[in-house]
Amino acid sequence: MDLDLAGLYVPLVTPFTAEGQLAPDALEALAHEVIDDGAAGLVALGTTGEPATLTAAERRGVLDICSRVCRERSVTLIAGAGSNDTRASAQALAELTAWPEVSAALTVVPYYTRPSEEGVVAHFTTLAAQSPVPLIIYNIPYRTGRVVGWRALRRIAAVPGIAGIKHAVSGIDEDTVRLMADLPERFAVLCGEDVFASPLLALGAAGAIQASAHVCTRDFAGLVAAWRAGECSRARLLGQRLAGLSAALFAEPNPVVIKAVLHAQGRIPSPAVRLPLLAASDEATRAALRLAADAVQSVS
């Protein structure tokens, strides 16, 4: 079940029409665009894709499209699956067998119920033993309410069937540094907090899952590649330029600003999101568009 997770993965938005319906052609075009610009793969049904507000049929449609694109382009497909219920998460993972192109499942640390660290380890150990694909743990304490320390993360990393972690802890803290200091060879750390991608890559992360990379995809892919190649000066320059863009794209709840920018660029048919999200403000959209243009000029 070893899986090479090096590179940039784009967690795709789910485009909607102006009437709020799924826009499958736009999703397919967007998937091809980010791959053309250097993404190593796609994430379907990540948080950026608003899966909680999609119907079951829409979620299947998203997976159908992303599977077809990844098969045609020979790139990696990661699918979001799992919740704070271990039994339901196991069922969701089992259902991924309908899409053989799925190479791994992005599975969140159990949220809201706030289990102990022992409970978190048991949750993922149980899921990994049953899952048809390797797991990538999604560690995002500010959403889950559960901090998982480096010792527990090392234990999870050693579990067979767990390929890596999307690490999004709102900074580079002691747990991150201790985790990065001694990783199993087969375990990949992927940057999951866009503003902090460059420093985590500098510490040795294998790649990144970055929603910001819908915009300036080529430059975000270049950031990952530069750090992995040891091109520190170029990597620092890219990281400095792109951090401001990422901050602007996350100035309001994800993915509202990203969708507004993609719509302004003519890449999706509307900026629509579903409640409880609200559309991005004009101010946030203008700021992100300006920084996107500045980033392209600065790194070109």
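Heads up: the structure comes first, above all this text.
These numbers were taken from a predicted model, which means no experiment stands behind them.

### Thoughts on the overall build of the protein
The helix and strand tally for the protein stands at 12 helices and 8 strands. In terms of overall dimensions, the protein is globule-like: its C-alpha atoms have a radius of gyration of 18 Å, near the 19 Å expected for 300 residues. Projected onto the principal axes, the alpha-carbon positions of the protein cover approximately 45 × 45 × 35 Å. Each of the 300 residues in the protein was classed as buried or not, and the buried ones make up 54%. Summarising the internal contacts of the protein: among those between residues at least 6 apart in sequence, 73% fall at separations of at least 24. Considering the protein, the positive charge centre built from 25 side chains and the negative charge centre built from 30 side chains are found 3 Å apart.

### Some words on the side chain of Thr144
Structurally, Thr144 can be placed in helix H5 (residues 141-144). By relative accessible area, which is 3% here, Thr144 ends up buried. One polar contact links the side chain of Thr144 to the main-chain amide nitrogen of Arg146, over a distance of 3.1 Å. Apart from residues lying up to four places away in sequence, Thr144 is in contact with Val108, Val109, Pro110, Tyr111, Tyr112 and Arg114.

### Overview of the pairing of strand E2 (residues 41-44)
Neither face of E2 is exposed, since Gly41 and Val43 on one face and Leu42 and Ala44 on the opposite face are all buried. Here strand E1 (residues 7-11) pairs with E2 via 3 bridges, running parallel. The residue of E2 that forms the bridge with Pro11 is Val43. A crossover links E1 with its parallel partner E2, the connecting element being helix H1 (residues 24-36), and its sense is right-handed.

### A look at a nonpolar patch on the surface
Residues Ile172, Val177 and Leu203 make up a contiguous nonpolar surface patch of roughly 210 Å² in combined accessible area. Mapped onto the secondary structure, Val177 falls in helix H7 (residues 174-180).

### Brief notes about the pairing of strand E4 (residues 102-108)
Among the 7 residues that make up E4, 6 are buried, leaving the element largely enclosed by the rest of the structure. Sheet topology note: the strand E3 (residues 76-80)/E4 ladder contains 4 bridges and is parallel. Across the sheet, the residue bridging to Leu77 is Val102, located in E4. Taken together, E3, helix H3 (residues 86-94) and E4 constitute a β-α-β crossover, and its handedness is right-handed. Here E4 runs beside strand E5 (residues 135-139); their pairing, made up of 4 bridges, is parallel. Following the sheet pairing, Ala105 is matched in E5 by Leu135. This β-α-β element, E4 to helix H4 (residues 117-130) to E5, shows right-handed connectivity.

### Quick look at the packing of H1 against helix H2 (residues 56-73)
Axis angle and axis distance: for two packed helices, these are the angle between their axes and the distance between the axes, and together they describe the pair. Close contact between H1 and H2 brings their axes to 10 Å; oriented N to C, the two are set at 35°. Of the two possible hands of crossing, H1 and H2 adopt the one that is right-handed. The segment H1 lies against H2, with Pro24, Leu27, Glu28, Ala31, His32, Ile35 and Asp36 engaging Val62, Ile65, Arg68, Val69, Glu72 and Arg73. Taken together, the residues that form the contact of H1 with H2 break down as 7 nonpolar, 1 polar and 5 charged.

### What about the packing of helix H9 (residues 217-228) against helix H10 (residues 232-249)?
Where H9 meets H10, the closest approach of the two axes is 9 Å, and the angle between their N-to-C directions is 145°. Where H9 crosses over H10, the two elements pack in a sense that is left-handed. Contact residues: H9 offers Asp219, Phe220, Gly222, Leu223, Ala226 and Trp227, while H10 offers Cys232, Arg234, Ala235, Arg236, Leu238, Gly239, Leu242, Leu245 and Ser246. Here the contact of H9 with H10 is built from residues that sort into 9 nonpolar, 3 polar and 3 charged.

### A short note on the nonpolar core
Counting residues in each nonpolar core, the largest one holds 90 residues, and the members touching the most others are Leu12, Leu42, Leu96, Phe124, Leu135, Ile162 and Leu245. In contact with Leu245, not counting residues within four places along its chain, are Val215, Cys216, Phe220, Ala288, Leu291, Ala292 and Ala295. Core analysis: the next-biggest nonpolar cluster, separate from the first, contains 16 residues, Tyr9, Val108, Ile136 and Ala163 among them.

### Observations regarding helix H11 (residues 256-264)
Of all 9 residues in H11, 7 are buried, a share of seventy percent or more. Residues of H11 that are buried include every one of Val256, Val257, Ile258, Lys259, Ala260, Val261 and Leu262, and no others. Once H11 ends, the next one or two residues include Gly266, with phi positive near 75°.

### Some remarks on empty space enclosed by the protein
Leftover empty space is mapped by rolling, across the atoms, a probe with the size of a water molecule. One pass over the structure, following the stated rule, counts 1 cavity of 30 Å³ or more. As for the largest cavity, its lining consists of 13 residues, and the residues nearest its centre are His167, Gly171, Glu193, Phe196 and Leu200. Class assignment for the residues of the lining of the largest cavity results in 7 nonpolar, 5 polar and 1 charged.

### Here we look at the environment of Ala279
The residue Ala279 is located in the loop between H11 and helix H12 (282-299) in this model. Sequence spacing of Ala279 and Glu252 is 27 residues, and the spatial spacing of their C-alpha atoms is 9.2 Å.

The rules behind the values
Residues numbered from 1 in each chain as written. Predicted model: local features only at pLDDT ≥ 70, side-chain atom pairs only at ≥ 80, totals over all residues. Heavy atoms only, no water. Helix = DSSP H or I, 4+ residues; strand = E, 2+ residues; numbered from the N terminus. Rg over C-alpha atoms; globule rule 2.2 N^0.38 Å. Buried < 20%, exposed > 50% of the residue type's maximum accessible area, 1.4 Å probe, protein only. Contact = heavy atoms within 4.5 Å. Lys, Arg positive; Asp, Glu negative; His and termini not counted. Charge placed at Lys NZ, Arg CZ, Asp CG, Glu CD. Polar contact = N/O pair within 3.5 Å; in protein donor to acceptor, adjacent residues only side chain to side chain. Pairing = 2+ DSSP bridges. Right-handed = clockwise from strand over helix to strand, strands pointing away. Patch = residues over 30% accessible without salt bridge, like charges linked within 9 Å, V, L, I, M, F, W, Y side chains within 5 Å. Areas by Shrake-Rupley, 256 points an atom, 1.4 Å probe, with all protein chains shown as cover. Salt bridge = Lys/Arg side-chain N within 4 Å of Asp/Glu carboxyl O. Axes fitted to C-alpha atoms, helices over the stretch in contact; angles between N-to-C directions. Left-handed = near helix turned anticlockwise from the far one by under 90°. Nonpolar A, V, L, I, M, F, W, Y, C, P; charged D, E, K, R; others polar. Core = buried A, V, L, I, M, F, W, Y, C linked by side-chain atoms within 4.5 Å. 1 Å grid on protein atoms, 1.4 Å probe; cavity = no way out; pocket = protein on both sides within 12 Å on 5 of 7 lines; lining within 4 Å. Points joined across faces, edges and corners; volume = space filled by probe spheres on them.

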